[in-house]
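Listed below, chain by chain, are the residues.
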Amino acid sequence: MLKLLIPFVGGVLLGESFGLPLWVVWFTLAGAGLGALLLRSQVLLAMLCLVAGLAAVELRPPRHLTPEGVTTLFEIGIEGIPVEGSKGMKGEGVILGWRDSGSGRWYPSGERVLFSTDSLTRVEAGERILCRTKLRPFGSDPRWSGYHRLMERRGFVGRIWISERGIFSREQDSGRSLHEWAVERMRRLEIGGEEEAVLLSMVTGERGGLNREIRDRYARSGMAHLLAVSGLHVGIVLMIVNILLGWMSLLTHGHRWRAVICIGVVWGFVAVTGFPPSAIRAGVMCTILQAAWASGEEYGALNAWAATALVMLVWNAGWIGDIGFQLSFVSVAAILVWGVPLLRRLRTQWWWMNVMVDSVVISVVVGVGTAPLVIRAFGFAPLAGVVLNPVAIILGGVLLVVGIVWMIFPVELWSGVAGWLVRRSAEGLDLLAEAGSRMPRVEGEEAVGAWSVIGIYLGFVALTVLLAAVRRVRGPRLGRM
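Quick caveat: nothing in here was measured; it's all calculated off a predicted structure.

K.L.:
Explanation requested: the pairing of strand β4 (residues 127-133) in the structure shown.
P.N.:
Residues in a regular strand project their side chains so that they alternate between the two faces of the sheet. Where burial is concerned, the two faces of β4 differ: the one with E127, I129, C131 and T133 is buried and the one with R128, L130 and R132 is not. Taken together, the six bridges between strand β1 (residues 72-84) and β4 define a ladder with antiparallel strand orientation. Its bridge partner being in β4, T72 is matched across the sheet by T133. Alignment of β4 against strand β7 (residues 167-172), held across five bridges, turns out to be antiparallel. Bridge pairing links C131 to I167 in β7.

What follows is the structure, given as C-alpha coordinates:
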(Lines give C-alpha, C1' and ligand atoms only; values in the text may rest on other atoms or scores of the structure.)
Protein backbone atom coordinates (compact mmCIF):
# COMPACT_ATOMS: atom_id res chain seq x y z
CA MET A 1 0.00 0.00 0.00
CA LEU A 2 2.95 2.35 0.53
CA LYS A 3 3.88 1.84 -3.13
CA LEU A 4 0.42 3.10 -4.05
CA LEU A 5 0.17 5.85 -1.43
CA ILE A 6 3.44 7.68 -2.15
CA PRO A 7 2.83 8.43 -5.86
CA PHE A 8 -0.85 9.17 -5.14
CA VAL A 9 0.13 11.79 -2.55
CA GLY A 10 2.62 13.20 -5.07
CA GLY A 11 -0.20 13.54 -7.59
CA VAL A 12 -2.43 15.30 -5.06
CA LEU A 13 0.35 17.78 -4.23
CA LEU A 14 0.95 18.43 -7.92
CA GLY A 15 -2.78 18.89 -8.49
CA GLU A 16 -2.95 21.44 -5.67
CA SER A 17 -0.20 23.50 -7.36
CA PHE A 18 -0.71 22.92 -11.08
CA GLY A 19 -4.11 22.45 -12.65
CA LEU A 20 -4.43 20.32 -15.80
CA PRO A 21 -7.27 20.06 -18.30
CA LEU A 22 -9.57 17.23 -17.32
CA TRP A 23 -9.27 15.51 -20.72
CA VAL A 24 -5.48 15.30 -20.28
CA VAL A 25 -5.94 13.71 -16.86
CA TRP A 26 -8.43 11.13 -18.16
CA PHE A 27 -6.31 10.30 -21.23
CA THR A 28 -3.17 9.81 -19.13
CA LEU A 29 -5.09 7.83 -16.50
CA ALA A 30 -6.50 5.44 -19.10
CA GLY A 31 -3.11 5.00 -20.81
CA ALA A 32 -1.21 4.38 -17.59
CA GLY A 33 -3.88 1.98 -16.33
CA LEU A 34 -3.94 -0.04 -19.55
CA GLY A 35 -0.15 -0.15 -19.69
CA ALA A 36 0.18 -1.25 -16.06
CA LEU A 37 -2.39 -4.02 -16.63
CA LEU A 38 -0.86 -5.38 -19.84
CA LEU A 39 2.84 -4.92 -19.12
CA ARG A 40 2.69 -5.45 -15.34
CA SER A 41 5.07 -2.54 -14.98
CA GLN A 42 5.78 -1.06 -11.55
CA VAL A 43 6.72 2.23 -13.18
CA LEU A 44 3.40 2.47 -15.00
CA LEU A 45 1.57 1.50 -11.79
CA ALA A 46 3.29 4.37 -9.99
CA MET A 47 2.35 6.69 -12.87
CA LEU A 48 -1.24 5.47 -12.62
CA CYS A 49 -1.35 6.36 -8.90
CA LEU A 50 0.27 9.74 -9.62
CA VAL A 51 -2.35 10.62 -12.22
CA ALA A 52 -5.09 9.27 -9.94
CA GLY A 53 -3.96 11.81 -7.34
CA LEU A 54 -4.24 14.56 -9.96
CA ALA A 55 -7.72 13.30 -10.87
CA ALA A 56 -8.79 13.30 -7.21
CA VAL A 57 -7.99 17.01 -7.05
CA GLU A 58 -9.55 17.88 -10.40
CA LEU A 59 -12.76 15.94 -9.67
CA ARG A 60 -13.48 17.61 -6.35
CA PRO A 61 -16.95 19.17 -6.39
CA PRO A 62 -16.97 22.85 -7.42
CA ARG A 63 -16.94 25.30 -4.55
CA HIS A 64 -18.30 28.75 -3.95
CA LEU A 65 -21.58 27.99 -5.72
CA THR A 66 -23.16 30.59 -3.46
CA PRO A 67 -22.49 34.23 -4.45
CA GLU A 68 -20.35 36.16 -1.97
CA GLY A 69 -21.25 39.59 -0.65
CA VAL A 70 -24.77 39.56 -2.17
CA THR A 71 -27.66 40.22 0.21
CA THR A 72 -30.53 37.86 -0.54
CA LEU A 73 -32.66 35.11 1.01
CA PHE A 74 -30.84 32.07 2.38
CA GLU A 75 -32.12 28.85 3.91
CA ILE A 76 -29.62 27.82 6.60
CA GLY A 77 -29.49 24.44 8.33
CA ILE A 78 -27.91 24.46 11.81
CA GLU A 79 -25.37 21.66 12.33
CA GLY A 80 -23.98 20.47 15.65
CA ILE A 81 -24.68 22.19 18.97
CA PRO A 82 -24.50 26.01 18.79
CA VAL A 83 -22.47 27.79 21.46
CA GLU A 84 -23.85 30.76 23.36
CA GLY A 85 -21.45 33.64 23.92
CA SER A 86 -21.64 37.14 25.34
CA LYS A 87 -22.64 38.67 21.98
CA GLY A 88 -24.85 35.91 20.60
CA MET A 89 -24.55 32.32 19.39
CA LYS A 90 -21.97 30.74 17.11
CA GLY A 91 -21.71 27.43 15.34
CA GLU A 92 -21.61 25.58 12.06
CA GLY A 93 -24.28 25.45 9.40
CA VAL A 94 -24.99 24.50 5.82
CA ILE A 95 -26.52 26.66 3.09
CA LEU A 96 -29.46 24.56 1.92
CA GLY A 97 -30.41 27.06 -0.77
CA TRP A 98 -30.29 30.70 -1.85
CA ARG A 99 -32.54 32.95 -3.92
CA ASP A 100 -31.42 34.83 -7.00
CA SER A 101 -32.73 38.39 -6.43
CA GLY A 102 -32.97 39.09 -10.17
CA SER A 103 -34.91 36.06 -11.37
CA GLY A 104 -36.48 35.01 -8.07
CA ARG A 105 -35.27 31.45 -8.66
CA TRP A 106 -33.99 29.27 -5.82
CA TYR A 107 -30.70 27.38 -6.20
CA PRO A 108 -29.48 24.49 -3.99
CA SER A 109 -26.03 24.83 -2.44
CA GLY A 110 -24.99 22.40 0.31
CA GLU A 111 -21.91 24.45 1.23
CA ARG A 112 -20.85 24.68 4.87
CA VAL A 113 -20.49 27.99 6.70
CA LEU A 114 -19.68 29.36 10.12
CA PHE A 115 -22.58 31.39 11.49
CA SER A 116 -23.04 33.89 14.29
CA THR A 117 -26.16 35.58 15.61
CA ASP A 118 -27.06 38.74 17.47
CA SER A 119 -27.83 38.70 21.19
CA LEU A 120 -31.61 38.44 20.55
CA THR A 121 -31.46 35.32 18.39
CA ARG A 122 -31.31 31.80 19.76
CA VAL A 123 -30.91 28.82 17.43
CA GLU A 124 -30.92 25.07 18.03
CA ALA A 125 -29.32 22.07 16.41
CA GLY A 126 -31.22 20.77 13.38
CA GLU A 127 -33.15 24.01 12.88
CA ARG A 128 -33.83 25.33 9.37
CA ILE A 129 -33.88 29.12 9.15
CA LEU A 130 -35.05 31.26 6.24
CA CYS A 131 -33.36 34.64 6.59
CA ARG A 132 -32.08 37.62 4.66
CA THR A 133 -28.31 37.93 4.88
CA LYS A 134 -25.16 37.49 2.79
CA LEU A 135 -22.19 35.17 2.59
CA ARG A 136 -18.98 36.82 3.76
CA PRO A 137 -15.71 35.22 2.62
CA PHE A 138 -12.95 34.66 5.14
CA GLY A 139 -10.83 37.76 5.63
CA SER A 140 -7.31 38.34 4.33
CA ASP A 141 -5.78 39.26 7.71
CA PRO A 142 -2.35 37.50 7.73
CA ARG A 143 -2.74 36.75 11.44
CA TRP A 144 -5.68 34.46 10.61
CA SER A 145 -4.57 33.18 7.21
CA GLY A 146 -3.62 29.75 8.58
CA TYR A 147 -6.98 29.37 10.33
CA HIS A 148 -8.87 30.47 7.25
CA ARG A 149 -7.01 28.00 5.01
CA LEU A 150 -7.77 25.25 7.52
CA MET A 151 -11.48 26.09 7.51
CA GLU A 152 -11.56 26.15 3.72
CA ARG A 153 -9.91 22.72 3.53
CA ARG A 154 -12.53 21.41 5.92
CA GLY A 155 -15.23 22.55 3.52
CA PHE A 156 -16.28 25.94 4.93
CA VAL A 157 -16.75 28.71 2.37
CA GLY A 158 -17.26 31.73 4.64
CA ARG A 159 -19.37 33.30 7.38
CA ILE A 160 -23.09 34.04 7.72
CA TRP A 161 -24.64 36.60 10.09
CA ILE A 162 -28.17 35.81 11.36
CA SER A 163 -30.12 38.63 12.99
CA GLU A 164 -33.57 38.57 14.56
CA ARG A 165 -34.92 41.18 12.14
CA GLY A 166 -33.67 39.25 9.11
CA ILE A 167 -35.44 35.97 9.94
CA PHE A 168 -38.59 35.21 7.89
CA SER A 169 -39.36 31.69 9.14
CA ARG A 170 -37.80 28.87 11.08
CA GLU A 171 -38.54 25.17 11.33
CA GLN A 172 -37.25 22.56 13.77
CA ASP A 173 -36.59 19.05 12.48
CA SER A 174 -38.65 16.46 14.34
CA GLY A 175 -35.81 13.94 14.68
CA ARG A 176 -32.47 14.25 16.45
CA SER A 177 -29.12 12.97 15.29
CA LEU A 178 -27.21 10.41 17.32
CA HIS A 179 -24.67 13.11 18.14
CA GLU A 180 -27.32 15.44 19.56
CA TRP A 181 -28.82 12.57 21.54
CA ALA A 182 -25.43 11.79 23.07
CA VAL A 183 -24.80 15.42 24.03
CA GLU A 184 -28.19 15.61 25.74
CA ARG A 185 -27.45 12.41 27.66
CA MET A 186 -24.08 13.69 28.88
CA ARG A 187 -25.56 16.98 30.05
CA ARG A 188 -27.84 15.08 32.44
CA LEU A 189 -24.82 14.68 34.71
CA GLU A 190 -25.03 18.45 35.31
CA ILE A 191 -21.28 18.88 35.60
CA GLY A 192 -21.22 22.41 34.26
CA GLY A 193 -18.33 24.77 33.53
CA GLU A 194 -15.07 23.82 31.86
CA GLU A 195 -15.32 20.24 33.15
CA GLU A 196 -18.50 19.68 31.11
CA ALA A 197 -16.87 21.21 28.02
CA VAL A 198 -13.94 18.76 28.31
CA LEU A 199 -16.34 15.85 28.93
CA LEU A 200 -18.46 16.63 25.87
CA SER A 201 -15.38 17.08 23.70
CA MET A 202 -13.80 13.74 24.67
CA VAL A 203 -16.94 11.57 24.74
CA THR A 204 -19.21 13.07 22.07
CA GLY A 205 -16.83 15.13 19.94
CA GLU A 206 -18.81 18.29 20.73
CA ARG A 207 -16.14 21.00 20.92
CA GLY A 208 -18.38 24.04 20.85
CA GLY A 209 -18.06 24.61 24.60
CA LEU A 210 -14.27 24.79 24.50
CA ASN A 211 -13.37 28.45 24.76
CA ARG A 212 -10.08 29.89 23.53
CA GLU A 213 -8.56 29.77 27.02
CA ILE A 214 -9.10 26.00 27.35
CA ARG A 215 -7.81 25.31 23.86
CA ASP A 216 -4.68 27.42 24.39
CA ARG A 217 -3.98 25.84 27.77
CA TYR A 218 -4.15 22.30 26.40
CA ALA A 219 -2.17 23.26 23.29
CA ARG A 220 0.65 24.88 25.29
CA SER A 221 0.88 21.81 27.53
CA GLY A 222 0.99 19.30 24.65
CA MET A 223 -2.35 17.74 25.62
CA ALA A 224 -4.52 19.13 22.84
CA HIS A 225 -4.92 15.67 21.29
CA LEU A 226 -7.13 14.69 24.23
CA LEU A 227 -9.78 17.23 23.21
CA ALA A 228 -10.27 15.83 19.70
CA VAL A 229 -11.71 12.34 19.30
CA SER A 230 -8.96 10.34 17.59
CA GLY A 231 -7.10 7.04 17.68
CA LEU A 232 -6.57 7.26 21.43
CA HIS A 233 -10.29 7.47 22.18
CA VAL A 234 -11.38 4.89 19.59
CA GLY A 235 -8.56 2.54 20.66
CA ILE A 236 -9.71 2.68 24.30
CA VAL A 237 -13.27 1.84 23.24
CA LEU A 238 -12.04 -1.11 21.14
CA MET A 239 -9.88 -2.42 23.97
CA ILE A 240 -12.65 -2.22 26.59
CA VAL A 241 -15.21 -3.95 24.38
CA ASN A 242 -12.77 -6.76 23.55
CA ILE A 243 -12.07 -7.29 27.25
CA LEU A 244 -15.77 -7.37 28.13
CA LEU A 245 -16.55 -9.83 25.32
CA GLY A 246 -13.52 -12.04 25.84
CA TRP A 247 -15.78 -14.92 26.99
CA MET A 248 -17.26 -15.18 23.49
CA SER A 249 -14.08 -16.89 22.28
CA LEU A 250 -15.27 -20.01 24.12
CA LEU A 251 -18.29 -20.30 21.81
CA THR A 252 -18.37 -21.76 18.31
CA HIS A 253 -17.35 -18.96 15.93
CA GLY A 254 -17.52 -16.70 18.97
CA HIS A 255 -14.40 -14.76 17.98
CA ARG A 256 -16.07 -13.79 14.71
CA TRP A 257 -19.24 -12.63 16.41
CA ARG A 258 -17.11 -10.68 18.87
CA ALA A 259 -15.37 -8.99 15.94
CA VAL A 260 -18.71 -8.02 14.40
CA ILE A 261 -19.93 -6.56 17.70
CA CYS A 262 -16.65 -4.71 18.35
CA ILE A 263 -16.60 -3.17 14.88
CA GLY A 264 -20.24 -2.14 15.30
CA VAL A 265 -19.49 -0.49 18.67
CA VAL A 266 -16.47 1.33 17.23
CA TRP A 267 -18.50 2.82 14.38
CA GLY A 268 -21.36 3.58 16.75
CA PHE A 269 -18.91 5.64 18.81
CA VAL A 270 -17.67 7.35 15.63
CA ALA A 271 -21.31 8.16 14.76
CA VAL A 272 -21.91 9.57 18.26
CA THR A 273 -19.00 11.97 17.77
CA GLY A 274 -20.46 13.25 14.49
CA PHE A 275 -18.00 11.52 12.10
CA PRO A 276 -15.02 13.89 12.45
CA PRO A 277 -12.11 12.98 10.11
CA SER A 278 -9.83 11.97 13.00
CA ALA A 279 -12.43 9.50 14.35
CA ILE A 280 -13.07 8.10 10.86
CA ARG A 281 -9.35 7.45 10.39
CA ALA A 282 -9.17 5.67 13.74
CA GLY A 283 -12.34 3.71 13.00
CA VAL A 284 -10.94 2.39 9.71
CA MET A 285 -7.66 1.28 11.31
CA CYS A 286 -9.43 -0.36 14.26
CA THR A 287 -11.76 -2.17 11.86
CA ILE A 288 -8.78 -3.59 9.99
CA LEU A 289 -7.14 -4.59 13.25
CA GLN A 290 -10.26 -6.34 14.58
CA ALA A 291 -10.84 -8.13 11.28
CA ALA A 292 -7.25 -9.37 11.34
CA TRP A 293 -7.70 -10.72 14.88
CA ALA A 294 -10.87 -12.54 13.82
CA SER A 295 -9.32 -14.08 10.68
CA GLY A 296 -6.06 -15.06 12.34
CA GLU A 297 -4.05 -13.09 9.76
CA GLU A 298 -1.01 -11.10 10.78
CA TYR A 299 -1.92 -7.44 11.19
CA GLY A 300 0.22 -5.39 8.84
CA ALA A 301 0.00 -2.12 10.76
CA LEU A 302 1.93 -0.01 8.27
CA ASN A 303 -0.08 -1.51 5.43
CA ALA A 304 -3.31 -0.62 7.23
CA TRP A 305 -1.97 2.87 7.93
CA ALA A 306 -1.19 3.42 4.23
CA ALA A 307 -4.52 1.91 3.13
CA THR A 308 -6.45 4.20 5.48
CA ALA A 309 -4.61 7.28 4.22
CA LEU A 310 -5.18 6.26 0.60
CA VAL A 311 -8.91 5.64 1.03
CA MET A 312 -9.44 8.94 2.86
CA LEU A 313 -7.51 10.96 0.28
CA VAL A 314 -9.47 9.33 -2.54
CA TRP A 315 -12.64 10.38 -0.72
CA ASN A 316 -11.41 13.93 -0.09
CA ALA A 317 -8.04 14.98 -1.49
CA GLY A 318 -8.32 18.32 0.31
CA TRP A 319 -7.64 16.63 3.64
CA ILE A 320 -3.96 16.44 2.75
CA GLY A 321 -3.62 20.09 3.81
CA ASP A 322 -5.58 19.63 7.06
CA ILE A 323 -3.23 19.85 10.04
CA GLY A 324 -5.43 17.40 11.95
CA PHE A 325 -5.08 14.83 9.15
CA GLN A 326 -1.32 15.36 9.03
CA LEU A 327 -0.79 15.10 12.79
CA SER A 328 -2.97 12.01 13.05
CA PHE A 329 -1.12 10.02 10.41
CA VAL A 330 2.35 11.20 11.38
CA SER A 331 1.75 10.26 15.03
CA VAL A 332 0.52 6.78 14.09
CA ALA A 333 3.51 6.31 11.76
CA ALA A 334 5.89 7.35 14.56
CA ILE A 335 4.32 4.80 16.91
CA LEU A 336 4.53 2.00 14.33
CA VAL A 337 8.05 2.72 13.06
CA TRP A 338 9.76 3.89 16.26
CA GLY A 339 7.48 3.15 19.20
CA VAL A 340 6.65 -0.52 18.61
CA PRO A 341 10.31 -1.65 18.12
CA LEU A 342 11.36 0.27 21.24
CA LEU A 343 8.56 -1.24 23.29
CA ARG A 344 9.60 -4.75 22.27
CA ARG A 345 13.16 -4.11 23.39
CA LEU A 346 12.09 -2.54 26.69
CA ARG A 347 9.59 -5.25 27.69
CA THR A 348 9.85 -6.44 31.30
CA GLN A 349 8.24 -9.22 33.33
CA TRP A 350 6.15 -6.77 35.38
CA TRP A 351 2.92 -5.66 33.70
CA TRP A 352 2.66 -2.43 35.72
CA MET A 353 6.19 -1.48 34.65
CA ASN A 354 5.28 -2.22 31.02
CA VAL A 355 2.27 0.11 31.23
CA MET A 356 4.44 2.95 32.54
CA VAL A 357 7.19 2.35 29.96
CA ASP A 358 4.66 2.12 27.13
CA SER A 359 3.08 5.44 28.10
CA VAL A 360 6.43 7.25 28.26
CA VAL A 361 7.80 5.74 25.03
CA ILE A 362 4.64 6.48 23.04
CA SER A 363 4.54 10.02 24.42
CA VAL A 364 8.18 10.64 23.43
CA VAL A 365 8.00 9.21 19.90
CA VAL A 366 4.75 11.03 19.12
CA GLY A 367 6.16 14.31 20.49
CA VAL A 368 9.34 14.02 18.43
CA GLY A 369 7.55 12.78 15.32
CA THR A 370 4.97 15.56 15.24
CA ALA A 371 7.27 18.40 16.41
CA PRO A 372 8.10 19.70 12.88
CA LEU A 373 4.41 19.88 11.96
CA VAL A 374 3.45 21.47 15.28
CA ILE A 375 6.15 24.15 14.96
CA ARG A 376 5.13 24.72 11.34
CA ALA A 377 1.46 25.19 12.27
CA PHE A 378 1.64 26.91 15.67
CA GLY A 379 5.14 28.37 15.95
CA PHE A 380 6.12 26.29 18.99
CA ALA A 381 6.34 22.69 20.21
CA PRO A 382 5.47 21.96 23.87
CA LEU A 383 7.91 19.84 25.86
CA ALA A 384 5.55 19.28 28.78
CA GLY A 385 3.50 16.70 26.89
CA VAL A 386 6.33 14.15 27.10
CA VAL A 387 6.14 14.25 30.91
CA LEU A 388 2.42 14.84 31.41
CA ASN A 389 0.79 12.68 28.73
CA PRO A 390 1.26 9.31 30.49
CA VAL A 391 -0.77 10.57 33.47
CA ALA A 392 -3.16 12.55 31.24
CA ILE A 393 -3.98 9.44 29.18
CA ILE A 394 -4.96 7.55 32.35
CA LEU A 395 -7.23 10.36 33.54
CA GLY A 396 -8.66 10.77 30.05
CA GLY A 397 -9.34 7.04 29.85
CA VAL A 398 -11.30 7.13 33.11
CA LEU A 399 -13.33 10.11 31.92
CA LEU A 400 -14.01 8.47 28.55
CA VAL A 401 -15.09 5.09 29.92
CA VAL A 402 -17.32 6.56 32.64
CA GLY A 403 -18.85 8.97 30.14
CA ILE A 404 -19.66 6.22 27.63
CA VAL A 405 -21.17 3.97 30.31
CA TRP A 406 -23.31 6.87 31.56
CA MET A 407 -24.38 7.67 27.99
CA ILE A 408 -25.63 4.08 27.60
CA PHE A 409 -27.05 3.70 31.13
CA PRO A 410 -28.09 7.16 32.43
CA VAL A 411 -29.52 5.72 35.64
CA GLU A 412 -30.10 8.10 38.51
CA LEU A 413 -28.88 5.45 40.98
CA TRP A 414 -25.23 5.92 40.05
CA SER A 415 -25.31 9.49 38.73
CA GLY A 416 -23.52 10.76 41.84
CA VAL A 417 -20.62 8.32 41.40
CA ALA A 418 -20.40 8.98 37.66
CA GLY A 419 -20.48 12.74 38.18
CA TRP A 420 -17.78 12.57 40.87
CA LEU A 421 -15.46 10.44 38.69
CA VAL A 422 -15.95 12.65 35.64
CA ARG A 423 -15.51 15.87 37.59
CA ARG A 424 -12.35 14.71 39.34
CA SER A 425 -10.84 13.36 36.11
CA ALA A 426 -11.59 16.62 34.27
CA GLU A 427 -10.17 18.66 37.16
CA GLY A 428 -7.02 16.53 37.12
CA LEU A 429 -6.61 17.09 33.39
CA ASP A 430 -7.11 20.81 33.87
CA LEU A 431 -4.44 20.92 36.60
CA LEU A 432 -2.00 19.06 34.34
CA ALA A 433 -2.76 21.41 31.45
CA GLU A 434 -2.30 24.46 33.66
CA ALA A 435 1.05 23.17 34.96
CA GLY A 436 2.20 22.16 31.50
CA SER A 437 1.34 25.52 29.98
CA ARG A 438 3.93 27.11 32.28
CA MET A 439 6.73 24.72 31.32
CA PRO A 440 9.42 25.53 28.70
CA ARG A 441 8.71 24.84 25.06
CA VAL A 442 10.57 24.89 21.75
CA GLU A 443 9.82 28.25 20.19
CA GLY A 444 9.98 29.00 16.50
CA GLU A 445 10.83 32.63 15.77
CA GLU A 446 8.98 32.19 12.52
CA ALA A 447 6.98 29.32 11.09
CA VAL A 448 9.08 26.54 9.60
CA GLY A 449 8.77 26.45 5.83
CA ALA A 450 6.97 23.60 4.07
CA TRP A 451 10.16 22.43 2.34
CA SER A 452 11.99 22.43 5.67
CA VAL A 453 9.32 20.13 7.14
CA ILE A 454 9.55 17.82 4.13
CA GLY A 455 13.34 17.75 4.47
CA ILE A 456 13.13 16.88 8.17
CA TYR A 457 10.77 13.97 7.54
CA LEU A 458 12.91 12.70 4.68
CA GLY A 459 15.78 12.73 7.18
CA PHE A 460 13.63 10.71 9.61
CA VAL A 461 12.90 8.18 6.86
CA ALA A 462 16.58 7.91 5.88
CA LEU A 463 17.61 7.39 9.53
CA THR A 464 14.94 4.72 9.99
CA VAL A 465 16.06 2.84 6.86
CA LEU A 466 19.70 3.07 7.97
CA LEU A 467 18.96 1.69 11.43
CA ALA A 468 16.87 -1.11 9.94
CA ALA A 469 19.77 -2.03 7.63
CA VAL A 470 22.23 -2.07 10.55
CA ARG A 471 19.87 -4.28 12.54
CA ARG A 472 19.62 -6.77 9.66
CA VAL A 473 23.42 -6.90 9.34
CA ARG A 474 23.83 -7.61 13.05
CA GLY A 475 21.16 -10.27 12.90
CA PRO A 476 17.89 -10.64 14.83
CA ARG A 477 17.96 -10.26 18.57
CA LEU A 478 15.31 -12.07 20.57
CA GLY A 479 13.80 -10.17 23.46
CA ARG A 480 11.47 -11.19 26.23
CA MET A 481 7.76 -10.70 25.59
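K.L.:
Looking at this structure, how should I read the pattern of salt bridges?
P.N.:
Oppositely charged side chains may form a pair once their charged atoms are brought near each other. Counted under the stated rule, the structure contains 11 salt bridges. Across the pair E213 and R217 runs a salt bridge whose closest N-O atoms are separated by 3.1 Å. Linking E213 with R217, this pair stays in helix α7 (residues 212-220), spanning four residues, or about one helical turn. By relative accessible area, which is 48% here, E213 ends up partly exposed. The residue E434 makes a salt bridge to R438 at a minimum N-O spacing of 2.6 Å. Accessibility expressed as a relative area gives 66% for R438, which makes it exposed. Bridged by salt links that share partners, the residues E194, E213, R217, D430, E434 and R438 form one connected network.

K.L.:
How should I be thinking about the packing of helix α5 (residues 178-187) against helix α6 (residues 193-204) in this particular structure?
P.N.:
When two helices pack together, you describe them by how their axes are tilted relative to each other and by the distance separating the axes. It is the contact of α5 with α6, at a shortest axis distance of 10 Å, that shows an interaxial angle of 140°. When the axes of α5 and α6 are compared, the crossing they make is right-handed. Facing α5, whose interface residues are H179, A182, V183, M186 and R187, α6 presents E196, L199, L200, V203 and T204. Class assignment of the residues belonging to the contact of α5 with α6 gives a composition of six nonpolar, two polar and two charged.

K.L.:
Would you mind showing me how to read the side chain of T66 here?
P.N.:
As for its position among the elements, T66 is in the loop between α3 (42-58) and β1. A polar contact of 2.9 Å, which involves the side chain of T66, links it to the side chain of S109. In this structure T66 touches F74, I95, W98, S109, E111 and L135, once residues within four positions along its chain are discounted.

K.L.:
Mind showing me how you'd approach the environment of H225 here?
P.N.:
One can find H225 in the loop between α7 and α8 (231-244). Relative accessible area serves as the criterion here: at 32%, H225 is assigned to the partly exposed category. Linking H225 and M202, residues 23 residues apart in sequence, is a C-alpha distance of 9.7 Å. Apart from the residues within four sequence positions on either side, H225 is in contact with S230, L232, H233 and N389.

Criteria and cut-off values
Residues numbered from 1 in each chain as written. Predicted model: local features only at pLDDT ≥ 70, side-chain atom pairs only at ≥ 80, totals over all residues. Heavy atoms only, no water. Buried < 20%, exposed > 50% of the residue type's maximum accessible area, 1.4 Å probe, protein only. Helix = DSSP H or I, 4+ residues; strand = E, 2+ residues; numbered from the N terminus. Pairing = 2+ DSSP bridges. Salt bridge = Lys/Arg side-chain N within 4 Å of Asp/Glu carboxyl O. Axes fitted to C-alpha atoms, helices over the stretch in contact; angles between N-to-C directions. Left-handed = near helix turned anticlockwise from the far one by under 90°. Contact = heavy atoms within 4.5 Å. Nonpolar A, V, L, I, M, F, W, Y, C, P; charged D, E, K, R; others polar. Polar contact = N/O pair within 3.5 Å; in protein donor to acceptor, adjacent residues only side chain to side chain.

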